[in-house]
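Residue strings, one per chain:
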Amino acid sequence: NENCKICSGLLDCHMCKPDTEDFSYVIQPDGKCRAIANHLFRKYRWWCAGLGVLLLFLLLIGCCGIIQLCCSGRGSEKGRFTRLNDSDTDDDVPRYGGGSRFARY
């Protein structure tokens, strides 16, 4: 019995080795100690689930951004990002707020 710490015979164990980060030791009904492997995903289950949800959320945001970029009709005739100003009015004249009589002077 290789995982036994205190034995009363070759096949009878009273106490198993202390648990480590990699293995947990459990006494079986037949008197032997069984080593059970501690998996990373079992130990940090909620951390892994939270990381998975975060990655799915970021993937969803990225897909929405790509779809929005593809479906926007801006610049489809003249090429993308070429349209700066469409109006024919003169915008050189500064505009002052409101139509009150103080804004005319």
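Residues numbered from 1 in each chain as written. Predicted model: local features only at pLDDT ≥ 70, side-chain atom pairs only at ≥ 80, totals over all residues. Heavy atoms only, no water.

*Asks:* Account for the pairing of strand S2 (residues 13–16), naming residues and giving values.
*Replies:* Sheet topology note: the strand S1 (residues 4–7)/S2 ladder contains three bridges and is antiparallel. Its bridge partner lying in S2, Ile6 is registered against Met15. (Pairing = 2+ DSSP bridges. Helix = DSSP H or I, 4+ residues; strand = E, 2+ residues; numbered from the N terminus.)

*Asks:* Can you lay out the state of the cysteines for me, pointing to particular residues and giving the numbers?
*Replies:* Applying the stated rule across the entire model yields two disulfides. Across a sulfur-sulfur distance of 2.2 Å, Cys4 and Cys13 are joined as a disulfide pair. Between Cys4 and Cys13, the S-S torsion sits near 100°, and that sign places the bridge as right-handed. The pair formed by Cys4 and Cys13 is uniform in burial state, with each residue classed as buried. Along the protein, the cysteines engaged in disulfide bonds are linked according to the scheme 1-2, 3-4 when indexed in sequence order. (Disulfide = S-S within 2.5 Å. Buried < 20%, exposed > 50% of the residue type's maximum accessible area, 1.4 Å probe, protein only.)

*Asks:* Got a sec to walk through the pairing of strand S4 (residues 33–37)? Specific residues and values, please.
*Replies:* In this structure, strand S3 (residues 23–27) lies alongside S4, joined through five bridges in antiparallel fashion. Bridged to Ser24 within S4 is Ile36. The turn linking S3 back onto S4 is made up of five residues, and Gly31 within it adopts a positive phi angle of 95°.

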